[in-house]
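Chain by chain, the residues:
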Amino acid sequence: MLDKMLVKDCIKLNLNAKNKIEVIDELVDVLYNAGRLNDKDEFRKTILNREEQSSTGLEEGIAIPHARSEKIEEIVVTVGLVENKIDFNSPDGEGVNLILLVGAPKGKNREYLSLVSELMRTFRNKKLREAVTCASNYQELLEAIAELK
């Protein structure tokens, strides 16, 4: 599912962010600039509110900030990489360098939860995580994800 949802304009392999809020801001901008969001300010607030409820930092250097919003018309995904790990309050206490931001319309609960679950399962694979975090361009990242099939 992820390989079908990712488009080049929604991937940023070299985020400039220095903290969690800057990561979210930058990835929301990526989605907005790609024409995938109508209201970036509302979506940013929704993601930050969700993040306040509980951190979306996982173990092994991954975070999947996600939220549902009435201002989104279809499920959106963006991928970002940072060179220096960022604190996302992950359970293992480690910073993250791979961030997958997901948004969905309020009416697509099943698809949204399915995608977030798939992302969590998929990125438990150490080989895939390493291939993705080492990708130097969009094509390498897609090839790494396609290897799962």
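The structure we're discussing is the one just above.
Treat the numbers as computed from the prediction; the structure is a model and nothing was measured. (Residues numbered from 1 in each chain as written. Predicted model: local features only at pLDDT ≥ 70, side-chain atom pairs only at ≥ 80, totals over all residues. Heavy atoms only, no water.)

Asks: Can you tell me about unusual backbone geometry, naming the residues and giving the values?
Replies: Non-glycine residue E60 carries a positive phi angle of around 70°. Within the secondary structure layout, E60 lies in the loop between α3 (40–53) and β2 (62–63). At N89, a residue that is not glycine, the phi angle is positive and equals roughly 55°. Topologically, N89 is positioned in the loop between β4 (76–86) and β5 (96–105). (Helix = DSSP H or I, 4+ residues; strand = E, 2+ residues; numbered from the N terminus.)

Asks: Hey, could you go over the packing of aromatic side chains for me, with residue numbers and the actual values?
Replies: Scanning the entire structure with this criterion turns up 0 aromatic pairs. The cationic tip of K20 hangs over the ring face of F88; the distance from NZ or CZ to the ring centre is 5.5 Å. (Phe/Tyr/Trp six-rings, centres within 6.5 Å; stacked < 30°, edge-to-face > 60°. Lys NZ or Arg CZ within 6 Å of the ring centre and 35° of its normal.)

Asks: Help me get a handle on the pattern of salt bridges, residues and values and all.
Replies: One side chain can pair with another of opposite charge once the charged atoms of both are near each other. Summed over the entire model, instances satisfying the criterion amount to 6 salt bridges. Its salt-bridge partner being K12, residue E26 comes within 2.9 Å of it at the nearest N-O pair. With E26 in helix α2 (residues 20–33) and K12 in strand β1 (residues 11–12), this residue pair connects regions lying 14 residues apart in the sequence. Taking relative accessible area as the criterion, E26 reaches 14% and is therefore assigned buried. We classify K12 as partly exposed; its relative accessible area is 24%. Across the pair K40 and D29 runs a salt bridge whose closest N-O atoms are separated by 2.9 Å. Separated by 11 residues along the polypeptide, K40 in helix α3 and D29 in helix α2 bring together distant segments of the chain. Under the relative-accessibility criterion, K40 is labelled partly exposed at 28%. (Salt bridge = Lys/Arg side-chain N within 4 Å of Asp/Glu carboxyl O. Buried < 20%, exposed > 50% of the residue type's maximum accessible area, 1.4 Å probe, protein only.)

Asks: Tell me about the side chain of H66, and name the residues and values.
Replies: By secondary structure assignment, the location of H66 is in strand β3 (residues 66–69). Take H66: its relative accessible area is 12%, and that puts it in the buried class. Reaching out from H66, the side chain makes a polar contact with the side chain of R50 at a distance of 3.3 Å. Apart from residues no more than four positions distant in its own chain, H66 is found in contact with I47, R50, T56, V102, Y112 and V116. (Polar contact = N/O pair within 3.5 Å; in protein donor to acceptor, adjacent residues only side chain to side chain. Contact = heavy atoms within 4.5 Å.)

Asks: So, α3: which residues are in play, and what are the values?
Replies: Its 14 residues give α3 an end-to-end C-alpha distance of 20 Å, which sits within 8% of 20 Å, the value for a rise of 1.5 Å per residue. Regarding α3, the residues found buried are F43, T46, I47, L48 and E51. On the buried face of α3, the contacting elements are α2, β3 and β5. Between the side-chain oxygen of the N-cap and the backbone nitrogen of D41 there are 3.3 Å, and the N-cap of α3 in question is D39. (Expected span 1.5 Å × (residues − 1).)

Asks: Lay out the environment of G80 with the relevant residues and their values.
Replies: Relative to the elements of secondary structure, G80 occurs in strand β4. Separated by 56 residues in the primary sequence, G80 and I24 have C-alpha atoms spaced 9.6 Å apart. In contact with G80, not counting residues within four places along its chain, are K12, L15, L27, N97, L98 and I99.

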